[in-house]
Amino acid sequence: MKIKVATYNIHKGVSYRSKPRVVALKQAIAAFDADLIFLQEVQGQHDRIAARYGEEHHGHRHWPQGSQHEFFAGESHQSVYGLNAQYDHGHHGNALLTRFPIAKWTNTDISDHAYEARGILHSIVETPQGTVHCYVIHLGLFEKSRVRQVEALIEAVNLSAPNNEPVIIAGDFNDWRNTLSAKLRKALGVVEVFDELGAGSSLGDLVRTLARRQAAIRPARTFPAALPFFRLDRIYVRGFKVESAEVLHGQLWAKLSDHAPIVATLSLA
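Fair warning: this is a prediction, and the values are worked out from it, not measured in the lab.

Some points on the overall build of the chain
Part 1 of the argument: If you tally the helices and strands in the chain, you get 7 helices and 14 strands.
Part 2 of the argument: Sequence-distant contacts, at least 24 apart, represent 70% of the contacts inside the chain between residues at least 6 apart.
Part 3 of the argument: In the structure as shown, the chain presents an accessible area of about 13000 Å², 52% of it carried by carbon and sulfur atoms.

Shown next, in the form of structure tokens:
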């Protein structure tokens, strides 16, 4: 059984000038044709933008009446939302869209200080071949915070998905120096989806072997979307074979968010 997975930081569905991109984002997210979609910076509510852009004009609405995650899910997916940051005019957080039934979900606060609200959204989904644990993550901007937040993530996964149960951890790790991957691999037995690129060729095997010896396995570049340079966004998996993985970038994606999305196809091992 193959499962298509995507992760995307959507920048709250607005441009830097606070112009809505929500309708175009819904179309782009639908184009992933993914079974599981891990979203960060999802606007659960924003009264100011809703007041300005929420009215219908010429049969079109530029801002949804409800929450973004419900709008993106539509009729094809279920959705859950983990509120992280709350303010006078609204709130935002992480979300999971899934074609599979959700058995249970929880949102755990892992904020490291008062200026950055962060959380782990954990959902247990029931696929035709069994249970999969999904964790949506958005780590902090400061390295010491990220270290502590990854320790909290490791603890959460070990408690909620014991006995090597299948796991997908995806989101914006803000880990531009790639200092956290080795810890996650060792503690949880996960691989990042780009670890396995090149499988099936002798050259690819050689490159991966040399990379592992030099501890130089690197995730893909995803930020900024217009010309990706920093390696911020990740999909880590356990209990899956990675069939394919790609970063979607170019002019279209540069208009929608500052991050480029990652789409991967997995098969249960």
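Read on, since the account is not over.
Describing the nonpolar core
Part 1 of the argument: Leu-36, Phe-38, Ile-168, Val-193, Ile-235 and Leu-266 are the most contacted members of the largest nonpolar core, which has 30 residues in total.
Part 2 of the argument: Within the residue set of this core, elements represented by two or more residues are strand E1 (2-9), strand E2 (36-46), strand E8 (119-127), strand E9 (130-138), strand E10 (167-172), strand E12 (233-238), strand E13 (240-247) and strand E14 (262-268).
Part 3 of the argument: In this structure, Leu-36 is in contact with Ile-3, Lys-4, Val-5, Ala-6, Leu-97, Thr-98, Phe-100, Val-125, Cys-134 and Ile-168, ignoring residues within four places of it in sequence.
Part 4 of the argument: Counting residues in hydrophobic clusters, the runner-up holds 21 residues, among them Leu-39, Tyr-81, Trp-253 and Val-263.

Description of helix H4 (residues 143-160)
Because an α-helix packs 3.6 residues into every turn, residues spaced three or four apart end up facing the same way.
Part 1 of the argument: Helix length check: H4 (18 residues) gives 25 Å between terminal C-alpha atoms against 26 Å at 1.5 Å per residue, within 8%.
Part 2 of the argument: All of the buried residues in H4 are Ser-145, Arg-146, Gln-149, Val-150, Leu-153, Ile-154 and Val-157.

Section: helix H1 (residues 22-32)
Part 1 of the argument: Among all positions of H1, only Val-22, Leu-25, Ala-28, Ile-29 and Phe-32 are buried. Taken end-on, H1 shows its buried residues confined to a sector of 115°, consistent with a single buried face. Along H1, the residues that are exposed and aim more than 90 degrees away from the buried face are Gln-27, Ala-30 and Ala-31.
Part 2 of the argument: Asp-33, located one to two residues past H1, shows a positive phi value of around 50°.

Here we look at unusual backbone geometry
Part 1 of the argument: Following Phe-223, the chain continues to Pro-224 via a peptide bond in cis, the omega torsion being -10°.
Part 2 of the argument: Residue placement: Pro-224 occurs in the loop between helix H6 (202-213) and E12.
Part 3 of the argument: Its identity is not glycine, yet Asn-174 carries a phi of approximately 50°, on the positive side.
Part 4 of the argument: Turning to its location among the elements, Asn-174 is positioned in the loop between E10 and helix H5 (181-188).
Part 5 of the argument: The phi angle at Asn-178 is positive, at roughly 55°, despite the residue not being glycine.
Part 6 of the argument: With relative accessibility at 21%, the residue Asn-178 sits in the partly exposed group.

Remarks on the pattern of salt bridges
Part 1 of the argument: This structure, assessed with the given rule, holds 9 salt bridges.
Part 2 of the argument: Two residues, Lys-183 and Glu-151, come together in a salt bridge whose shortest N-O distance is 3.9 Å. Linking Lys-183 in helix H5 with Glu-151 in helix H4, this pair joins segments that are 32 residues apart in sequence.
Part 3 of the argument: Three or more residues are tied together by salt bridges with common partners; here these are Asp-33, Asp-35 and Arg-99.

Here we look at the pairing of E8
Part 1 of the argument: With 8 of 9 residues buried, E8 lies mostly within the body of the structure.
Part 2 of the argument: Pairing between strand E7 (residues 102-109) and E8: 7 bridges, direction antiparallel. Bridge pairing links Ile-102 to Val-125 in E8.
Part 3 of the argument: Examined bridge by bridge, E8 and E9 share 8 bridges and lie antiparallel to one another. Within E9, the residue paired with Leu-121 across the bridge is Val-136.
Part 4 of the argument: Counting the residues in the hairpin turn of E8 and E9 gives 2 residues.

Considering the packing of aromatic side chains
Part 1 of the argument: In the structure shown here, the tally under the stated rule is 7 aromatic pairs.
Part 2 of the argument: Aromatic pair Tyr-8 and Trp-253: ring centres 6.0 Å apart, planes at 75°, arrangement edge-to-face. Of this pair, Tyr-8 sits in strand E1 while Trp-253 sits in helix H7 (residues 251-256), and the two are 245 residues apart along the sequence. This pair shows no difference in class: Tyr-8 is buried, exactly as Trp-253 is.
Part 3 of the argument: One aromatic cluster in this structure is built from Tyr-8, Phe-32 and Trp-253.
Part 4 of the argument: A cation sits over an aromatic face here: Lys-26 above Phe-71, 4.4 Å from the ring centre.

The rules behind these values
Residues numbered from 1 in each chain as written. Predicted model: local features only at pLDDT ≥ 70, side-chain atom pairs only at ≥ 80, totals over all residues. Heavy atoms only, no water. Helix = DSSP H or I, 4+ residues; strand = E, 2+ residues; numbered from the N terminus. Contact = heavy atoms within 4.5 Å. Areas by Shrake-Rupley, 256 points an atom, 1.4 Å probe, with all protein chains shown as cover. Core = buried A, V, L, I, M, F, W, Y, C linked by side-chain atoms within 4.5 Å. Buried < 20%, exposed > 50% of the residue type's maximum accessible area, 1.4 Å probe, protein only. Expected span 1.5 Å × (residues − 1). Arc of directions from axis to C-beta. Salt bridge = Lys/Arg side-chain N within 4 Å of Asp/Glu carboxyl O. Pairing = 2+ DSSP bridges. Phe/Tyr/Trp six-rings, centres within 6.5 Å; stacked < 30°, edge-to-face > 60°. Lys NZ or Arg CZ within 6 Å of the ring centre and 35° of its normal.

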